[in-house]
Amino acid sequence: PYTGKPSQHFSLVKREDGYFTIANAAGQSLEVEDWSTSDGAKIASTTPSESLNQQWSIEDADAGYLSIASRFSGKALDLFGMNTHNNAQVRLWTYWGGKNQQWQLIRLSDEGTAEISF
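Residues numbered from 1 in each chain as written. Predicted model: local features only at pLDDT ≥ 70, side-chain atom pairs only at ≥ 80, totals over all residues. Heavy atoms only, no water.

Let's talk about unusual backbone geometry
Move 1: Although it is not a glycine, W35 sits at a positive phi angle of roughly 55°.
Move 2: In this structure, N87 is a non-glycine residue whose phi angle is positive, near 70°.
Move 3: Following the sequence through the fold, N87 ends up in the loop between β7 (76–79) and β8 (90–93). (Helix = DSSP H or I, 4+ residues; strand = E, 2+ residues; numbered from the N terminus.)

With respect to the packing of aromatic side chains
Move 1: Considering all chains together, one arrives at two aromatic pairs under this definition.
Move 2: Consider the rings of W35 and F72, whose centres lie 4.9 Å apart with planes at 85°: the pair is edge-to-face. Here the residue W35 occupies a position in the loop between β3 (29–32) and β4 (43–46), and F72 occupies one in the loop between β6 (66–70) and β7, the gap between them amounting to 37 residues.
Move 3: For F72, a relative accessible area of 28% gives the class partly exposed.
Move 4: Stacked on the ring of F80, the Lys or Arg R91 has its end atom at 4.5 Å from the ring centre. (Phe/Tyr/Trp six-rings, centres within 6.5 Å; stacked < 30°, edge-to-face > 60°. Buried < 20%, exposed > 50% of the residue type's maximum accessible area, 1.4 Å probe, protein only. Lys NZ or Arg CZ within 6 Å of the ring centre and 35° of its normal.)

What about the pairing of strand β5 (residues 56–60)?
Move 1: Sheet analysis places β5 next to β6, joined by five bridges and oriented antiparallel. Within β6, the residue paired with E59 across the bridge is S67.
Move 2: Joining the antiparallel neighbours β5 and β6 is a turn of five residues, in which G64 adopts a positive phi near 85°. (Pairing = 2+ DSSP bridges.)

By themselves these figures say nothing about function.
This is the structure:
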């Protein structure tokens, strides 16, 4: 559940080309681990770079929700196995519009920090 801890806060920065970088509270960027293009690819946080595997598209999904997809692979962030329990994994999967692939951004401050929640 949401606790308000910094580990649940992310900053989204829109790039000039329309894609986003997503950074955690420690300033590390989310990326597709090992440049994988497979369903089930892992997401990691690492030192920010201009790499395509650290760039994300954010599109409207159902009302009030968004899909977030890797620029590198085109695969969407997916709550793996539709698991809604604590410590569930987020991985990449071919987008099919499931609720486990829809995210809500909630602004936490005027600085643009947002929580991404399922």
